[in-house]
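If you want the building blocks of each chain, they are given just below.
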Amino acid sequence: KQWYQRRVRGSDPMHDKEFVQKMLAHCQSKEGVYLGTKRRMEGLLTLAAEELPDCPLFYELSSLSKLLHCSNPPLQSFRSAVLNAGYQVSLSHACPKSIKTNAPAAVVLDIMRAWARQNGVKVREEGGVQGRILARECFIQVNFSSHEGAALSTGVVRYPPNPEPNWGPKSRAGKRPIEEGMEESKGKQKRKGKKPPNADLKQFS
């Protein structure tokens, strides 16, 4: 099996925490009453304020679970395991089921490995990716017990839904309406007794 390793260039923090906190305080104060999208802005600003600034990438729980062919661990349980291991964790503004953490990949795999074993996942192929991950022992003692910092504050809409069903870019314009218009014009010419253009020209195959 071949393994590919990629490196991400270092970058500045994704959000200006000081600016985000000022905007959030403005929305929550009496001065923010005029904002028609106040609830939506509070949710997005809260999400930005909670997000780890020095972690450019994130994990998606469904992708990690697919790797080991197991059910998705509850978000709070996974967050608790990361915090109990001594690392930081947050959501990402890009995905609701995301895990952004400063824990190394080995710790993240240990947590998923422990979750899969607790739920009795069977190895499908010994030499496959799942089999190789589950064959190794955990480097850390994974603890899924609830951590006080794992629970997210309620009453905040961090990922607001779309304003209406099927909201978003529509399909691009096609040629069908033009062709239908041409067929309609030909029908009108036939009803008037006029010959269509190029009717007297010979057709060559």
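The structure contained in this document is the topic of the report that follows. Since the model is a prediction, treat every value here as computed from it, not as a measurement.

Turning our eyes to something else, we now look at the side chain of Asp-110. By the element assignment, Asp-110 lies in helix H5 (residues 105-118). From its side chain, Asp-110 meets the backbone nitrogen of Phe-139 in a polar contact 2.7 Å long. Residue contacts for Asp-110: discarding those within four places in its chain leaves Glu-137, Cys-138, Phe-139, Ile-140 and Val-142.

All right, on to the pattern of salt bridges then. This structure, assessed with the given rule, holds five salt bridges. Between Glu-18 and Lys-22 there is a salt bridge whose closest N-O contact spans 3.7 Å. Residue Glu-18 and its partner Lys-22 are both found in helix H1 (residues 17-28); the two are separated by four residues, about one turn of the helix. Lys-22 carries the same exposure label as Glu-18, and that label is exposed. Across the pair Arg-158 and Glu-50 runs a salt bridge, and its minimum N-O distance is 2.9 Å.

Every other side chain in a regular strand lies on the same face of the sheet, so the side chains alternate between the two faces. Counted residue by residue, strand S3 (residues 95-101) has five buried out of seven residues, so it is predominantly covered. Relative to S3, strand S1 (residues 59-60) is paired through two bridges, and the arrangement is antiparallel. If you follow Glu-60 over to S3, its bridge partner there is Ser-98. The sheet contact formed by strand S2 (residues 89-92) and S3 spans three bridges and is antiparallel.

Cut-offs used in this document
- Sequence order as written defines residue numbering, which begins from 1 separately in each chain.
- It should be noted that, the model being predicted, local features are given only for residues of pLDDT at least 70 and side-chain atom pairs only at 80 or more, the latter also being counted only at that level, while totals for whole chains, interfaces and linings use all residues.
- The side-chain quantities take in all heavy atoms of the structure and omit both hydrogens and water.
- Going along the chain from the N terminus, every DSSP run of H or I of four or more residues is numbered as a helix, and every run of E of two or more is numbered as a strand.
- Identification of polar contacts relies on pairs of N or O atoms within 3.5 Å, with a donor-acceptor requirement for protein atoms, meaning one able to donate a hydrogen and the other able to accept it, and with residues adjacent in sequence counted only if both atoms are side-chain atoms.
- Residue contacts follow a heavy-atom distance rule, with two residues in contact if any of their heavy atoms lie within 4.5 Å.
- Whenever a carboxyl oxygen of Asp or Glu lies within 4 Å of a side-chain nitrogen of Lys or Arg, that contact is scored as a salt bridge.
- For every residue, the accessible area (1.4 Å probe, protein chains only) is compared with the maximum for its type, and the residue is labelled buried under 20%, exposed over 50%, or partly exposed between those bounds.
- Criterion used throughout: strands pair if DSSP finds at least two bridges between them.

Everything listed here is a matter of geometry and, on its own, says nothing about what the molecule does.
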